[in-house]
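Observations on the three-dimensional arrangement
Spelled out, the chains give:
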Amino acid sequence: MSAHNRGTELDLSWISKIQVNHPAVLRRAEQIQARRTVKKEWQAAWLLKAVTFIDLTTLSGDDTSSNIQRLCYKAKYPIREDLLKALNMHDKGITTAAVCVYPARVCDAVKALKAAGCNIPVASVAAGFPAGQTHLKTRLEEIRLAVEDGATEIDVVINRSLVLTGQWEALYDEIRQFRKACGEAHLKTILATGELGTLTNVYKASMIAMMAGSDFIKTSTGKETVNATFPVAIVMLRAIRDFFWKTGNKEELGDEWLKPELFRIGASTLLSDIERQIYHHVTGRYAAYHDLPMS
Amino acid sequence: MAATRAGPRAREIFTSLEYGPVPESHACALAWLDTQDRCLGHYVNGKWLKPEHRNSVPCQDPITGENLASCLQAQAEDVAAAVEAARMAFKGWSAHPGVVRAQHLTRLAEVIQKHQRLLWTLESLVTGRAVREVRDGDVQLAQQLLHYHAIQASTQEEALAGWEPMGVIGLILPPTFSFLEMMWRICPALAVGCTVVALVPPASPAPLLLAQLAGELGPFPGILNVLSGPASLVPILASQPGIRKVAFCGAPEGGLRLLIQESVWDEAMRRLQERMGRLRSGRGLDGAVDMGARGAAACDLVQRFVREAQSQGAQVFQAGDVPSERPFYPPTLVSNLPPASPCAQVEVPWPVVVASPFRTAKEALLVANGTPRGGSASVWSERLGQALELGYGLQVGTVWINAHGLRDPSVPTGGCKESGCSWHGGPDGLYEYLRPSGTPARLSCLSKNLNYDTFGLAVPSTLPAGPEIGPSPAPPYGLFVGGRFQAPGARSSRPIRDSSGNLHGYVAEGGAKDIRGAVEAAHQAFPGWAGQSPGARAALLWALAAALERRKSTLASRLERQGAELKAAEAEVELSARRLRAWGARVQAQGHTLQVAGLRGPVLRLREPLGVLAVVCPDEWPLLAFVSLLAPALAYGNTVVMVPSAACPLLALEVCQDMATVFPAGLANVVTGDRDHLTRCLALHQDVQAMWYFGSAQGSQFVEWASAGNLKPVWASRGCPRAWDQEAEGAGPELGLRVARTKALWLPMGD
């Protein structure tokens, strides 16, 4: 795992002048999608890469230890072995980036992964997920308990009301406290962009979250009516780029950002879509439902 | 499990995460070329025309240089055959009701939809442009254009009553163009009932394919004829007696000029360079490239430009994922180019952006307007007030606020200054191919005897012709320039006679210097007048109307002296006053908002004044024609330099007396003198922004020739008289169209 983002002092001048041009971002999003397709081997390789970015997730009311166990095995063996062999990728150790569960299921996940003999990190949602509408005290406590149970990544949701009312200092302070509660665990801050109103707010919230020391910023919980969209991703990526420019880091959001330590896709059904595509690439046929193991 | 077929490279790509080729198969384009045995002729009257003994030019893949086909070059007789086919087709095509044409255009759109892959691969293969640009942009827009104009055709009888199609249109296309440029022009022409002969440069198969698709639709084979041939055929096409109008377009805009405010210069340049680094260039038929290549000639041009810019002190930044071999050229950002250097004056070639800093928005406007070009511009600012100020102030045909390059069939696209004065799309585009019903068709026989060098050059000297026996009080003497009567520079006068040949009086003999002064005065008055609200302008026109009515008896008696009956004279004065009031009222309802598919937010269709308008009035109707031309020009915010009736300028000078008291100085300037000489001075003045000429065919020909110097819009009567007392010809919609230009202001919204 990479080092933590130590964050910076709150500097409101970084966000005060920002205005995101909504129509222009939409157009850019369209452009990228139209101009950056990958085909054949490139598609297969990129899809496998995407597997390594996935936070394989289950966040349901009916989660029990048995389906958590299944999920953990799927995280370890995300793509059928013979398919990987056909691509000569079987020795690359392809697993998903993490397994993501509710705090009460962290113990199950840690146990299952240990049994499977792998060191995939367990991520726990916390801090009043998904709405964030609980007391700060209980939100912080939730984080501490999840870390105690063995979660090494904490997915927190931000308090949207602070964004919508422009209380940036308060937002910074809250995330700072999350950061502290995480201890050595990674802090992944979910912005719930579908509820922030404007892309300008998305940019500002991203910047505040990074200043406060988030290791990742994520688009959404999957529980809002609008979740991850391409335009939102563009705005967040630009915020990350600006943050690194401002903090003196020379990195840009290029290929060097495409590694699991720096880039994640939170998803539950994406993996099976990818596996089907890989199946098609390798065999030239579309897979039957029963051809691929369930998670 | 099924057999495996994976390639070996996935492993490397997994680590490198490079992009791979996304090749678009051009097999269908080649197969289509095969149907012509790799030899393209011309498409005339629904058939391929492949005459013998013609030169041919190879059509090459601009990237590999591979020979794709050979293209026959047309000769004069092929042009004549095509024009004749279009002329015959016009009879049937224009006689059908609009709905029939609408159906035909819709069917053509459907055919394009069905064969779009062929169209986009062929276009990309031959031009080297990125295939997704053609596929997602041009082909879709081509269909939208056909659908939009089909709707216009179906409502033509009601919406365009009083207008009729011009006839056969000759269309001339530049060496590098997209077939879309042709669609922008042929769709409105075909919709209103015209037929087209398009002369395309050698080796442009896409227009031929379009003509074939249209021709194979059946009942109207000759409405679209496409010839390919050298530029030397242009005058031959233009002088065909069957051609009623010639439309031509220049090479599409290549590179860009970028003005960045100094306070954000560093940040903007950094982001620009960062983005440029991520651009991918490659073969046009690759679906994952941002830009293709445009052939060896374009590559030479840009190499030369960049080398010269560098030698003139500019900084050059190049980046992007670009193949190193010719004819690929990386996206290039040129900065610090001294404004006075030669490279700063010429057109920027593709794919170059020249960036320069500015201090204030006002300065940006001055810089942006300080070029002879006036096509389109975009403004990027998050401050609405500032963006609108710039949007309204830019002298261009299209302004996008916080967007760039959007187009839609319902939005008129055009330009001003040297970017031309014709319009494509929207209602404005339709009028390009219409003429008021009953007016004679364009006479294309130009006089070969007219000597442009000497027309109106010398002023015949005028001598005293005896004592004046005009009525009293004597009309004011002098040229009406800058709000007052001034003595002419030549210090001489010309006699004016009445209808019975008696000396009526003397008027000042104006010359080149007086024209210069009048144009200057008009320019000074222009910003203030154009900035007035239409209501304020109307109020002054109404005040002038009232003044004319007060002076009715004097004006009527002067008209009587010119041979009019008293009743008719009084009617002319009354009608003149009515005209002033009518235009004042009409101008209040100009411009409107358009709603465009796929765009959130409005597009404003603005009607802006042309600027300084020169008007040479007809000899007949000395008062009514003068006022009928003056009223719309002023109502729409232009300032004018007018040459009144040569036979009787005294009426205009009477009106000047009232203008002196009612109008601000310089709004309307009236110069009397030798008609041809003044016409020459005005037509050759580069800072006259539009010109109307009502007089002889020779004078019209001269005005049109001379105006090519600054490409100002010209309206010339070519010796045909107009019925100024009739509503249609004296105050009809044609005047309203010609008196202002359209600007499209795109305002995408979203927060």
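**Considerations on the sheet that holds strand β1 (residues 54-57) of chain A**
Sheet strands pair by backbone hydrogen bonding; their relative direction is either parallel or antiparallel. Residues and elements named next belong to chain A. With parallel pairing, the seven strands of this open sheet are ordered in space as β6-β5-β4-β3-β2-β1-β7. At either margin of the open sheet sits one strand with a lone partner, and together these are β6 (216-218) and β7 (265-267). The average angle at which neighbouring strand axes cross in this sheet is 25°, direction not considered. As defined by bridge partners, β1 adjoins strand β2 (residues 98-101) across three bridges and the pair is classed as parallel.

**Quick word on the environment of A233 of chain A**
All names here are of chain A. Looking at the element boundaries, A233 is found in helix α11 (residues 230-246). What makes A233 partly exposed here is its relative accessible area of 28%. As a C-alpha pair, A233 and T193 span 40 residues in sequence and 9.6 Å in three-dimensional space.

**Section: the state of the cysteines**
Two cysteines, two sulfur atoms, one covalent bond between them: this is a disulfide. Residues and elements named next belong to chain B. Counted by the stated rule, this structure contains zero disulfides over all chains. Among the cysteines around C343, which has no disulfide bond, C299 carries the closest sulfur, lying 16 Å off. By relative accessible area, C343 is classed as buried at 2%.

**Description of the confidence of the model for chain B**
Put simply, chain B has an average pLDDT of 90, and 97% of its residues get 70 or more. Across the predicted assembly, pTM comes out at 0.90 and ipTM at 0.84.

**Notes on the packing of helix α4 (residues 98-114) of chain B against helix α6 (residues 131-154) of chain B**
Helices that pack against each other are described as a pair by the angle of their axes relative to one another and the distance between those axes. Residues and elements named next belong to chain B. At their nearest, the axes of α4 and α6 sit 7 Å apart, and the two run at 170° to each other. The pairing of α4 with α6 is recorded here as roughly antiparallel in orientation. The two elements α4 and α6 meet at a crossing, and its hand is left-handed. Between α4 and α6, the contacting residues are G98, V99, R101, A102, L105, T106, L108, A109, I112 and Q113 on the first element and V139, Q143, L146, H147, H149, A150, A153 and S154 on the second.

**Quick look at the packing of aromatic side chains**
Here the structure, examined in full by the defined rule, presents 18 aromatic pairs over all chains. Between W14 of chain A and F243 of chain A the ring centres are 6.2 Å apart and the planes differ by 70°, which places this aromatic pair in the edge-to-face class. Taken as a pair, W14 of chain A in helix α1 (residues 13-16) and F243 of chain A in helix α11 lie far apart in primary sequence, 229 residues in all. When its relative accessible area of 16% is taken as the criterion, W14 of chain A is described as buried. Take F243 of chain A: its relative accessible area is 3%, and that puts it in the buried class. Just above the ring of Y433 of chain B sits the side chain of K245 of chain B; from NZ or CZ to the centre is 5.6 Å.

**Concerning the interface of chain A and chain B**
Contacts between the two partners involve 50 residues from chain A and, on the opposite side, 45 residues from chain B. Approximately 4300 Å² of surface area, both sides summed, lies buried where chain A meets chain B, with 55% of it carried by carbon and sulfur atoms. Looking only at chain A, the three residues that lose the most surface to chain B are R35, R36 and W42 of chain A, adding up to 17% of its buried area. Counting every contact that joins chain A to chain B gives five salt bridges. Among the ionic pairs, D290 of chain B bridges to R35 of chain A, the shortest N-O distance being 2.8 Å.

**With respect to the pattern of salt bridges**
Scanning all chains against the criterion turns up 56 salt bridges over all chains. Across the pair R605 of chain B and D428 of chain B runs a salt bridge, and its minimum N-O distance is 3.0 Å. Placement of R605 of chain B in strand β23 (residues 602-609) and of D428 of chain B in helix α16 (residues 426-431) is noted, with a sequence separation of 177 residues between them. Residue classification places R605 of chain B among the buried positions, given a relative accessible area of 11%. Residue class for D428 of chain B comes out buried when judged on its relative accessible area of 5%. Among the ionic pairs, D658 of chain B bridges to R551 of chain B, the shortest N-O distance being 2.9 Å. One end of the pair, D658 of chain B, is in helix α22 (residues 650-662); the other, R551 of chain B, is in the loop between α18 (534-550) and α19 (552-561), and 107 residues separate them in sequence. Judged by its relative accessible area of 7%, D658 of chain B is buried. The network of salt bridges with common partners includes D55, E153, D155, K188 and K218 of chain A.

**Notes on unusual backbone geometry**
Of the consecutive residues F129 of chain A and P130 of chain A, the connecting peptide bond is found in the cis state with omega at 0°. Within the element layout of this structure, P130 of chain A appears in the loop between β3 (122-126) and α7 (136-149). With omega at -5°, the peptide bond leading from W350 of chain B into P351 of chain B counts as cis. Here the phi dihedral of L711 of chain B falls at roughly 50°; this positive angle occurs in a residue that is not glycine. Secondary-structure assignment places L711 of chain B in the loop between α24 (697-707) and β28 (714-716).

How each quantity is defined
Residues numbered from 1 in each chain as written. Chains lettered and ligands numbered in written order. Predicted model: local features only at pLDDT ≥ 70, side-chain atom pairs only at ≥ 80, totals over all residues. Heavy atoms only, no water. Pairing = 2+ DSSP bridges. Helix = DSSP H or I, 4+ residues; strand = E, 2+ residues; numbered from the N terminus. Axes fitted to C-alpha atoms, helices over the stretch in contact; angles between N-to-C directions. Buried < 20%, exposed > 50% of the residue type's maximum accessible area, 1.4 Å probe, protein only. Disulfide = S-S within 2.5 Å. pLDDT = per-residue confidence, 0-100. Parallel < 35°, antiparallel > 145°, perpendicular 65-115°, else oblique. Left-handed = near helix turned anticlockwise from the far one by under 90°. Contact = heavy atoms within 4.5 Å. Phe/Tyr/Trp six-rings, centres within 6.5 Å; stacked < 30°, edge-to-face > 60°. Lys NZ or Arg CZ within 6 Å of the ring centre and 35° of its normal. Buried area = accessible area lost by both parts, 1.4 Å probe. Salt bridge = Lys/Arg side-chain N within 4 Å of Asp/Glu carboxyl O.

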